Amino acid sequence: MYSYSSPIHRQNSSTRPSEIETLIQEGEYRRALSLLAAELAASPDQPDVHKLAGRAWQGLGEVERAREAYTRAIQIAPDYAEVYVNLGGLAATRQEWATAVQYFRQAITINPNFAGAYRNLARALTQLGDEVASLEAWREALRLEPDAIPLALNRQLAQRWLA
């Protein structure tokens, strides 16, 4: 769902994050965390490593540990838009829609071309009952990624409401 790698945030990175990303995508969260422990010991100030740890903890359902890892990533790299989206996703899983909206908007402030942030923002705004703002977010997501599958499925709805 999210972009999991941002080259501008990789500093002195080994090839391990790529291997760890694969493990996370395959649902091998504990193995990923085992490798991440070594990465974090060697390079505690790598925001990508903290983000990966967040994803692994999230995969295990350890929401608080995931939040801590994501928070550490943005302490190191405050402009890491993808991590704000991940934090918004955690808030959304707890149905903390207003908090989710804040995180998604922060990601958009950092990267106004981040279609995924707009998609997630639209969903959260819908949950808050703000249909107009939700449709505006869908429209922006559609503008940025007109061929994205989730957007194409919602294109008719957005076009009908925005016509």
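Residues numbered from 1 in each chain as written. Predicted model: local features only at pLDDT ≥ 70, side-chain atom pairs only at ≥ 80, totals over all residues. Heavy atoms only, no water.

Participant: I'd love a proper account of the pattern of salt bridges, names of residues and values included.
Facilitator: In total, this model carries five salt bridges according to the counting rule given. When the shortest N-O distance is used, the salt bridge between D45 and R72 registers 2.9 Å. Here R72 lies in helix α4 (residues 63-76) and D45 lies in the loop between α2 (29-42) and α3 (47-59), a separation of 27 residues in the sequence. For R72, a relative accessible area of 30% translates into the label partly exposed. A salt bridge links E145 to R119, with the nearest nitrogen and oxygen atoms 3.0 Å apart. Taken as a pair, E145 in the loop between α8 (131-144) and α9 (149-162) and R119 in helix α7 (residues 115-127) lie far apart in primary sequence, 26 residues in all. Taking the relative accessible area as the measure of exposure, E145 reaches 34% and is therefore partly exposed. (Salt bridge = Lys/Arg side-chain N within 4 Å of Asp/Glu carboxyl O. Helix = DSSP H or I, 4+ residues; strand = E, 2+ residues; numbered from the N terminus. Buried < 20%, exposed > 50% of the residue type's maximum accessible area, 1.4 Å probe, protein only.)

Participant: Pulling in residues and values, what's your account of the environment of R16?
Facilitator: Along the chain, R16 turns up in helix α1 (residues 16-25). Spatially, the C-alpha atom of R16 lies 7.9 Å from that of L35, the residues being 19 residues apart in sequence. In contact with R16, other than residues within four places in its own chain, are L35, A38 and E39. (Contact = heavy atoms within 4.5 Å.)

Participant: Give me the lowdown on unusual backbone geometry, citing residues and values where you can.
Facilitator: For Q95, which is not a glycine, the phi torsion comes out positive at approximately 60 degrees. Its location among the elements puts Q95 in the loop between α5 (81-93) and α6 (97-110). The class of Q95 is exposed, set by a relative accessible area of 58%.

Participant: An account of the confidence of the model for the protein chain is requested, with residue identities and associated values reported.
Facilitator: With 82% of its residues at a pLDDT of at least 70, the protein chain reaches an overall mean of 86. Here α9 stands out as the element of the protein chain with the lowest mean pLDDT, 59, in contrast to α6, whose mean of 98 is the highest. Across residues 1-15, where pLDDT falls below 50, the model places 34 contacts with residues more than four positions away in sequence or in other chains. (pLDDT = per-residue confidence, 0-100.)

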